[in-house]
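The lines below spell out each chain.
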Amino acid sequence: MEAGCLMGCCSPNYRKTVNEEEERINEKGSDTLPFSLKILLIAAAAVSLIVIILI
């Protein structure tokens, strides 16, 4: 059996393990795209909308 299967919600370390995993995920940050790429994508979408409206 996998180690994850052995530790269920009744395990005394379950809450600790979940909290540690949550902290590890949160440390990575929520931004997956750099800010400059976000600006570029927004600009491309705006230009596309303008072109669609004008045609």
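Everything here concerns the structure above.
Quick caveat: nothing in here was measured; it's all calculated off a predicted structure.

Draft legend 1. Representation of a negative patch on the surface in the model. Together, E20, E22, E23 and E27 give the surface a local cluster of negative charge. Looking at the element boundaries, E27 is found in helix α2 (residues 14-27). With relative accessibility at 68%, the residue E27 sits in the exposed group.

Draft legend 2. Geometry of the environment of T17. Inspection of the secondary structure puts T17 in helix α2. Owing to a relative accessible area of 32%, T17 belongs among the partly exposed residues under this scheme. Among the polar contacts listed, one links the side chain of T17 to the backbone oxygen of N13, at a separation of 2.8 Å.

Draft legend 3. Structural view of the pattern of salt bridges. Tallied over the entire structure, the rule returns 1 salt bridge. When the shortest N-O distance is used, the salt bridge between E21 and R24 registers 2.3 Å. Taken together, the residues E21 and R24, both in helix α2 and 3 residues apart, mark about one turn of the helix. By relative accessible area, which is 36% here, E21 ends up partly exposed.

Reading the values: rules and limits
Residues numbered from 1 in each chain as written. Predicted model: local features only at pLDDT ≥ 70, side-chain atom pairs only at ≥ 80, totals over all residues. Heavy atoms only, no water. Patch = residues over 30% accessible without salt bridge, like charges linked within 9 Å, V, L, I, M, F, W, Y side chains within 5 Å. Areas by Shrake-Rupley, 256 points an atom, 1.4 Å probe, with all protein chains shown as cover. Salt bridge = Lys/Arg side-chain N within 4 Å of Asp/Glu carboxyl O. Lys, Arg positive; Asp, Glu negative; His and termini not counted. Charge placed at Lys NZ, Arg CZ, Asp CG, Glu CD. Helix = DSSP H or I, 4+ residues; strand = E, 2+ residues; numbered from the N terminus. Buried < 20%, exposed > 50% of the residue type's maximum accessible area, 1.4 Å probe, protein only. Polar contact = N/O pair within 3.5 Å; in protein donor to acceptor, adjacent residues only side chain to side chain.

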